[in-house]
Amino acid sequence: MIVADPSFSRRRNAALCLGLIAAFVLALTLHGYLSRPTLDRYGDMYENYAWGALWQWGYFKHPPFFGWETAAWFLIFPHRDFWYFLLSGVNAGMALVAVWRIAARFGATGFQVLVLALAMVMPPISFVGLNFNANSAMTPVWAWLFLFYLRGLERGRLVDAAVTGVLAAVAMLTKYHSAVMLAALLLHALMDGQARKLLFSWFGLVAVAGFAVVLAPHIFWLVGNDFLPITYAAHQDDGEGPNLADSALFLVTPIGYSAISILIARSMRNVRDSFAFLPVSGVTELRASVEGRALIAFAVWPLLLTVLAGYLAGAELSAVWGIPFYTAYAVILALLVPSAYHEMRLRRAIGAIVLFLVIIVAVAPFWYRQELKIDGYYTAPLSDVAAEVDQRWEAAGGKPKAIVYGLTVLSNAVSFYSRNDLKALEDNSFETSKAYVTREQALQRGLIGLCQHGDDSCAAAVRAAMPAGVVPQSFTLEGFQKGVMWTFDLWLSPGR
């Protein structure tokens, strides 16, 4: 049910919403670049690139799509932190574009801008989303999948069916947790009379075919690689699994993450306005249309199914699993604002966005000072390490595309920053990578070992794969914390 916009032409509406999204992308990029010593404290972003640059149909922890996204991005852009944060910003921006088009089904310009404002201030889309990884990569994929599902409900066109199927496969190729999203849409399609007709038609058949064709290569990879990501996930839990307290916390976490959004939604009304404090008519009216009922399913079922899946799999529930949920929540929260205020308070919504973007850029230098207090490789000079490795590798006669291994965070970071296109050894294991690189092949291409000085287990693992007689070189660099020095050991075998 597309609502006609009485106050803005279609082009002015698009220019306003896309302009606000572009401003958000730029502000979020600047915030990340100015507030962090390196990319992220967990090393996920380096790992994304290191995997993606191998261009495999799967990796030992995860399916491949978010790694491919990262590697493809850096085929175009320089291997520097700013451009990686731009990737994070564009990822969030692509989710917002889909949210805007979803919101257009339920309200005019004022409503659409309000939805964008509520989505932008949600930490899973902004601050948490800066850590580009499998969880944040799901956000735009889920949003676009739901958008094309809505298009299918509205038009029944086979091209929308094909895109829906492809996006469903891309969601699974991003992270297996996307199964709860697919289950949510399937439940809606089965339970809703209007949607059920579409499911059991050529539309449903084409969608399933598109899904199967795109996902098939990964399934073959899983079979040929002993289901590595599934095996890895099964061994990550401590054995306790979820409990009632964890489940309750997971279910109420969206309220905390949506707190600023709730305040902005409430600010659309003056204190003495006569409307009810929590007018639910906008949400209850969703049941009158198939698109509205689909939105309810998108907002509710993934959350509940994640809890159920946690119990069935005996896995502890993690708040980051909910990152892609919030695009639906932004639309639901906006529907709690009486429609009379959508156009009347358009400037307030725009003002909230502008204020938020100014704040996140302004606080970035102060945030940076706090980040410097975090110990670990987050404050190590990883780009300088890569430059030192490159210099010594070239001096030794080494060639591009050599294999680097040792301490994972170091080898992944060197793979990202290196001008020699060095490839990190997946899982630091020739057993894991045997399908595409063996130890013998690595010795022919060139082999680089890298450890922090004093890490005896890392050094032992490096020596086990290095040719006999290769001795380490040591070098020392100053980290981002003034006066803190980092010493590394480097083994070089230039190849045959």
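You'll find the structure just up there.
Counting restarts for each chain, with residues numbered from 1 along the sequence as it is written. A pLDDT threshold of at least 70 governs which residues receive local features in this predicted model, and a stricter bar of 80 or more applies before side-chain atom pairs are shown or counted, although totals over entire chains, interfaces and linings include all residues. Excluded from the side-chain calculation are hydrogens and water; included are all heavy atoms of the structure.

Another point: the packing of helix α8 (residues 179-191) against helix α15 (residues 290-313). Between N-to-C directions, angles span 0 to 180 degrees; the directions come from axes that are lines fitted to C-alpha atoms, helices contributing only their stretch in contact. A helix here means a DSSP run of H or I that spans at least four residues, while a strand means a run of E at least two residues long, and both kinds are numbered starting from the N terminus. Direction vectors running N to C along α8 and α15 enclose 135°, while the axes themselves pass 8 Å from each other. Looking at the two axes, α8 sits oblique to α15. Like other packed secondary-structure pairs, α8 and α15 cross with a definite hand, here right-handed. Across from V180, M181, A183, A184, L187, H188 and M191 in α8, the residues of α15 making contact are V290, R293, A294, A297, F298, W301, P302, L305 and T306. Here the angle decides the label: under 35 degrees means roughly parallel, over 145 means roughly antiparallel, 65 to 115 means roughly perpendicular, and every other value means oblique. In this scheme the handedness of a crossing depends on how the near helix is turned from the far one: anticlockwise by less than a right angle means left-handed, clockwise means right-handed. By definition, residues are in contact when any of their heavy atoms lie within 4.5 Å.

All right, on to the sheet that holds strand β1 (residues 403-406) then. If you trace the five strands from one edge of the open sheet to the other, you get β2-β1-β3-β5-β4, paired in mixed fashion. At either margin of the open sheet sits one strand with a lone partner, and together these are β2 (423-424) and β4 (473-478). Bridge count for strand β3 (residues 447-452) against strand β5 (residues 485-493) is six bridges, and the pairing is antiparallel. What sits directly across from L450, in β5, is L490. The sheet contacts of helix α23 (residues 456-465) involve β1, β3 and β5, and relative to β3 the element is tilted by about 170°. Should DSSP find at least two bridges between two strands, the strands are regarded as paired.

Each patch is built from salt-bridge-free residues with over 30% relative accessible area, joining like charges within 9 Å and nonpolar side chains (Val, Leu, Ile, Met, Phe, Trp, Tyr) within 5 Å. Note that accessible areas follow from Shrake-Rupley with a 1.4 Å probe, and for residues the cover is restricted to the protein chains shown. Here, a salt bridge means any side-chain nitrogen of Lys or Arg that lies within 4 Å of a carboxyl oxygen of Asp or Glu. Residues L249, L251, V252, I255, I262, V300 and L304 make up a contiguous nonpolar surface patch of roughly 590 Å² in combined accessible area. Secondary structure elements with two or more residues in the nonpolar patch: α12 (244-257) and α15. Of the residues forming the nonpolar patch, the biggest block, four residues, is contributed by α12. Relative to the helices and strands, L304 is located in helix α15.

A word on the environment of G52. Here G52 shows up in helix α2 (residues 44-52). Spatially, the C-alpha atom of G52 lies 6.4 Å from that of T70, the residues being 18 residues apart in sequence. Here G52 is in contact with Y59, G67, W68 and A71, once residues within four sequence places are set aside.

Here the focus is the environment of S429. Tracing the sequence through the fold places S429 in the loop between β2 and α22 (439-445). To sort residues, take the accessible area from a 1.4 Å probe on protein chains only and compare it with the maximum for the residue type: under 20% means buried, over 50% means exposed, and anything in between is partly exposed. For S429, a relative accessible area of 16% corresponds to the buried category. Between the C-alpha atoms of S429 and A461, which are 32 residues apart in sequence, the distance is 9.6 Å. Looking at S429, its side chain comes within polar contact range of the main-chain nitrogen of E431, at 3.1 Å. Polar contact is the term for a pair of N or O atoms within 3.5 Å; when the atoms are in protein, one must be able to donate a hydrogen and the other to accept it, and sequence-neighboring residues count only if both atoms are side-chain atoms. Polar contacts involving the side chain of S429 include one to the main-chain amide nitrogen of T432, which spans 3.0 Å.

Turning our eyes to something else, we now look at the state of the cysteines. A pair of cysteine sulfur atoms is labelled a disulfide when the two atoms are within 2.5 Å. By the definition in use, this model includes one disulfide. Disulfide pairing places C451 opposite C458 at an S-S distance of 2.0 Å. On the sign convention where negative is left-handed, the bridge of C451 and C458, at about -85° about the S-S bond, is left-handed. We note that C451, like C458, is buried.

A separate point is the environment of T306. Of note, T306 is situated in helix α15. As a C-alpha pair, T306 and Y436 span 130 residues in sequence and 34 Å in three-dimensional space.

In the Ramachandran plot, F227 falls in the positive-phi region, its phi being about 50° despite a non-glycine side chain. When you line up the elements, F227 lands in the loop between α10 (202-224) and α11 (228-234). Look at F227 and you get partly exposed, because its relative accessible area is 39%. Positive phi, close to 60°, is recorded for D427, a residue that is not glycine. The residue D427 is located in the loop between β2 and α22 in this model.

The final tally for this structure, using the stated rule, is eleven salt bridges. A salt bridge links R105 to E154, with the shortest nitrogen-to-oxygen separation between them at 2.9 Å. Within this pair, whereas R105 is found in the loop between α4 (81-103) and α5 (109-120), its partner E154 is found in helix α6 (residues 134-155), the two being separated by 49 residues in sequence. Taking relative accessible area as the criterion, R105 reaches 5% and is therefore assigned buried. Look at E154 and you get partly exposed, because its relative accessible area is 26%. Between R293 and D192 there is a salt bridge whose closest N-O contact spans 2.3 Å. Of this pair, R293 sits in helix α15 while D192 sits in the loop between α8 and α9 (193-199); the two residues are 101 residues apart in sequence, bridging distant segments of the chain.

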